[in-house]
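Observations on the three-dimensional arrangement
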Amino acid sequence: MTETTAPAPTRDRRGPATGLRRFVFHLLLTVAAMVMIYPLLWMLSASFKPLDEIFTDPGLFPNTWEWSNYAEGWTALPHPFETYIWNSMVIVAGSIVGNLVSCSMAAYAFARLRFPLRGMLFAVMLGTIMLPIHVVIIPQYILFNNLGWVDTFWPLIVPKLLATDAFFVFLMVQFIRGLPRELDEAASIDGCGYWGTYLRIIMPLCMPALATTAIFTFIWTWNDFYSQLIYLRDVDLQTVPLALRLFMDSTGTTNWGALFAMSIVALGPIFGFFLAGQRYLVRGIATTGIK
Amino acid sequence: MTDNDVAVVRPKQRSSGPPPEPAAPAKRPAPNRGRGTIRTRERWAALSFMSPWILGLLAITIGPMVASFYLSFTDYSLGYGEWVGGENYARMLEDPRLANAIKVTAVYTFVSVPLQLGAALLLAIVLDRGLRGMSFYRSVFYLPSLLGGSVAIAIMWRQIFGTEGLVNQVLAIFGIQGEGWVSHPDYALGTLIVLHVWTFGSPMIIFLAGLRQIPAMYYEAAKVDGAGPLRRFWSVTIPLLTPIIFFNLVLQIINSFQSFTQAFIISSGKGGPADSTMFLTLYLYDQGFTQFDMGYASAIAWLLLAIIAIFTALNFLMSKFWVFYGDND
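Just so it is clear, the structure is predicted and the values come from calculations on it, not from any experiment.

Some details on the overall build of chain A
In terms of helices and strands, chain A carries 14 helices and 0 strands. Seen in sequence order, chain A has helices and strands lined up from the N terminus as α-α-α-α-α-α-α-α-α-α-α-α-α-α. Taking the principal axes of the C-alpha coordinates as reference, chain A spans close to 70 × 65 × 35 Å. In chain A, buried positions account for 45% of the 291 residues. A fraction of 74% describes how many contacts in chain A between residues 6 or more apart in sequence connect residues 24 or more apart.

Here it is in structure tokens:
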């Protein structure tokens, strides 16, 4: 059962990669990796370059270090950049809490409880994973507009509290199914009800799945542009992606250095989560196949 | 969080239908506190656990879906709308911008997805050889697909493929004078395709997980039968990997039909130059949220859904001819 997560055993089933061949493989991989990563490194370095150097120097090391790009970018918009970071953080935090609570509850019911129409509802749940947001966005907008929620964070957070990110329900169902049922039964013999079992047995054992959920929710919400673009038009409520877009469309193309600096600021947290949570990310993708 | 062992990945359950019925009714020593049998109490518990999801399904997903379908037969705009029958759909047939948007989206999808999956498969096979430093390479190749959807990367792309961008600076070293790729109607879509291919990391990881599933004994048996490395690749690796290739194909086609952010940022929201990056999603946004012609936009949304559904169904139909479900899967 653990065969898929076990670290790659050193196999020789396709012939040992030895000597020259191994060298060639490493060389090719390194070149490929360099090509892949070069734009990112270049943007990082460009965020420290003066404008004329951005346009002329494809290299990675700035000749003149232009630290002021960051200070300039930070204050280039109507609000200082921390406002946008804060707005993004509020939405991200709400989304993470929402997904963790609502998706795990639904997942527990799907994985452990018997109720009528379970099979059908499960199929519906899987179907909603694939449903394009574009199909429902207009009525959603009308709904939230009628509730007076446009230009608030609610349209971005409330759906998460209602487990509409079915992908995570699926992820957790898969995970809970892998936990031994004897644990539930033991808990029930000890007098645990369904909520007790969920809170004291299932949730603690689900930590890896919860971590995967939290990390993915962070990255997706932090990166999300479409729904924020639709629901947040008020200048005070702009988030990091919206601020970047505003920056680019207003002054950006004349001040690439500052724009790159803020782009690096925007990518920083994702990169951090990538480094810290790689294990969970890779596992989440391998289990469910969604990026 | 150290329980690595609990965290097993089971792709075999992926194909799952409904979860298996629990074995024999779990014996719950019911101290019969409340009314009702154990069965009904389990149902009430299920309802309470499911209630957020059910509410979300009705209010955020199914309700809006039905409403969207209804709206597509009206000329709804900002609070006012009347039933217009099939007018929106008739209008589609005579809308050259829509036809163009379908074409652009289709070209984008059918060029970028095969390239992306090809790159993912190639790299997965190379990385599966158990080279030292494999996890480092894997991370480097994976990183772009995490970042790829963000506005920051789209901004970067816009500069890189701009007139004085990184690509042209590199080309200049070889004495080539490059175009302003993102602002040229013939090339702008190409830059988006390159961006999509750049994010091959997540399908690559799925391929890697699939390759690990292939039992080594098949390779040994093939070797005993005298199959060379190339033959083993074509006759063992590829057939056994076809379910994963299929899975990735379905998923990536669905995803790329819905691409929005990068095209929006690269073209400043206009789908330009000359509508050359006007995806269906951008056109929908333009009609629904810029022109506020929400009836027509809803019809476009259903067109998008129909296109995605048709290609997914085709994919499943065709899978009979090339996807191999042996005893391995």
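So, the overall build of chain B
Across its full length, chain B carries 13 helices and 0 strands. Start at the N end of chain B and walk to the C end: the helices and strands fall as α-α-α-α-α-α-α-α-α-α-α-α-α. Counting only residues that meet the buried cut, chain B has 41% of its 329 residues in that class. When contacts within chain B are restricted to residue pairs at least 6 apart in sequence, long-range pairs at least 24 apart make up 69% of them.

Some points on helix α8 (residues 201–213) of chain B
Residue and element names in this part refer to chain B. Between its terminal C-alpha atoms α8 stretches 19 Å, which fits the 18 Å expected from 13 residues at 1.5 Å a residue. Most of α8 sits out of view: 10 of its 13 residues are buried. Of the residues making up α8, those classed as buried are Gly-201, Ser-202, Pro-203, Met-204, Ile-205, Ile-206, Phe-207, Leu-208, Ala-209 and Gly-210.

What about the interface of chain B and chain A?
Across the contact, 91 residues belong to chain B and 95 residues belong to chain A. Looking at the side of chain B that touches chain A element by element, the count peaks at 17 residues for helix α1 (residues 38–71) of chain B. Taken together, the residues that form the side of chain B that touches chain A break down as 61 nonpolar, 19 polar and 11 charged.

Here we look at the nonpolar core
When a protein is soluble and globular, its nonpolar side chains tend to lie buried together. Ranked by internal contacts, the top residues of the largest apolar core, which has 159 residues, are A:Ala106, A:Ala107, A:Val169, A:Met172 and A:Leu244. Excluding residues that lie within four positions of it along the chain, A:Leu244 makes contacts with A:Met262, A:Ser263, A:Ala266, B:Val151, B:Ala152 and B:Ile155.

Quick look at the UniProt feature "transmembrane region" (unreviewed entry) in chain B
All names here are of chain B. Using the residue numbers shown here, the UniProt feature "transmembrane region" (unreviewed entry) corresponds to residues 44–71, 106–127, 139–157, 187–211, 232–254 and 294–317. From the first C-alpha to the last, residues 106–127 spans 31 Å; its make-up is 100% helix and 0% strand. Across residues 187–211, helical content stands at 88% and strand content at 0%; the span's end C-alpha atoms are separated by 36 Å.

With respect to the confidence of the model for chain A
Here chain A averages 87 in pLDDT, and 90% of its residues register 70 or above. Predicted confidence is poor over residues 1–15 of chain A, with pLDDT under 50, and the contacts of this stretch with residues over four places away or in other chains come to 28 contacts.

Thoughts on unusual backbone geometry
Residue and element names in this part refer to chain A. Backbone geometry places Asp-151, a non-glycine residue, at a positive phi of 65°. Checked against the element boundaries, Asp-151 lands in the loop between α6 (133–146) and α7 (154–161). Exposure remark for Asp-151: the 15 C-beta atoms within 10 Å place this residue in the partly exposed category. Despite not being glycine, Ala-163 has its phi angle at roughly 55°, a positive value. By C-beta crowding, Ala-163 is classed as buried, having 29 other C-beta atoms within 10 Å.

Description of the confidence of the model for chain B
All names here are of chain B. Across chain B, pLDDT averages 85, with 88% of residues at or above 70. When the criterion is pLDDT under 50, residues 1–27 qualifies, and its contacts beyond four places in sequence or with other chains add up to 39 contacts. Reported for the predicted complex are a pTM of 0.86 and an ipTM of 0.86.

What to know about the packing of helix α3 (residues 96–127) of chain B against α8(B)
Residues and elements named next belong to chain B. Direction vectors running N to C along α3 and α8 enclose 45°, while the axes themselves pass 8 Å from each other. Of the possible angle classes, the one that applies to α3 and α8 is oblique. In this structure, α3 meets α8 at a crossing whose hand is right-handed. Between α3, through Gln-116, Leu-117, Ala-120, Leu-121, Leu-123, Ala-124, Ile-125 and Leu-127, and α8, the contact on the second element is made entirely by Pro-203, Met-204, Phe-207, Leu-208 and Leu-211. Of the residues belonging to the contact of α3 with α8, the class tally is 12 nonpolar, 1 polar and no charged.

Description of α7(A)
Residues and elements named next belong to chain A. The complete set of buried residues in α7 reads Pro-155, Leu-156, Pro-159 and Lys-160. All buried residues of α7 fall inside an arc of 135° around its axis, so they share one side. Looking one or two residues past α7, Ala-163 carries a phi angle of roughly 55°, positive in sign.

Quick notes on the UniProt feature "domain: ABC transmembrane type-1" (unreviewed entry) in chain B
The UniProt feature table records "domain: ABC transmembrane type-1" (unreviewed entry) at residues 102–315 of chain B. As annotated, residues 102–315 of chain B comprises 74% helix and 0% strand, and the C-alpha atoms at either end are separated by 19 Å.

What about the packing of helix α4 (residues 81–112) of chain A against α1(B)?
Two numbers describe how α4(A) lies on α1(B): the axes approach to 8 Å, and their chain directions differ by 135°. In terms of orientation, α4(A) and α1(B) fall into the oblique class. As for the relative orientation of α4(A) and α1(B), their crossing is left-handed in sense. Touching A:Ser102, A:Met105, A:Ala106, A:Tyr108 and A:Ala109 of α4(A) are B:Ala46, B:Phe49, B:Met50, B:Pro52 and B:Trp53, all from α1(B). Looking at side-chain class alone, the contact of α4(A) with α1(B) contains 9 nonpolar, 1 polar and no charged residues.

What to know about the environment of B:Arg41
Residues and elements named next belong to chain B. For Arg-41, the location among the structural elements is in helix α1. Accessibility expressed as a C-beta count within 10 Å gives 18 for Arg-41, which makes it partly exposed. With 249 residues separating them along the chain, Arg-41 and Thr-290 place their C-alpha atoms 51 Å apart.

What counts, and at which threshold
- Residues numbered from 1 in each chain as written.
- Chains lettered and ligands numbered in written order.
- Predicted model: local features only at pLDDT ≥ 70, side-chain atom pairs only at ≥ 80, totals over all residues.
- Helix = DSSP H or I, 4+ residues; strand = E, 2+ residues; numbered from the N terminus.
- Buried ≥ 20, exposed ≤ 12 C-beta atoms within 10 Å, placed from the backbone.
- Contact = placed C-beta atoms within 7 Å.
- Expected span 1.5 Å × (residues − 1).
- Nonpolar A, V, L, I, M, F, W, Y, C, P; charged D, E, K, R; others polar.
- Core = buried A, V, L, I, M, F, W, Y, C linked by C-beta atoms within 7 Å.
- UniProt positions renumbered as here; feature names shortened; annotations may be inferred.
- pLDDT = per-residue confidence, 0-100.
- Axes fitted to C-alpha atoms, helices over the stretch in contact; angles between N-to-C directions.
- Parallel < 35°, antiparallel > 145°, perpendicular 65-115°, else oblique.
- Left-handed = near helix turned anticlockwise from the far one by under 90°.
- Arc of directions from axis to C-beta.

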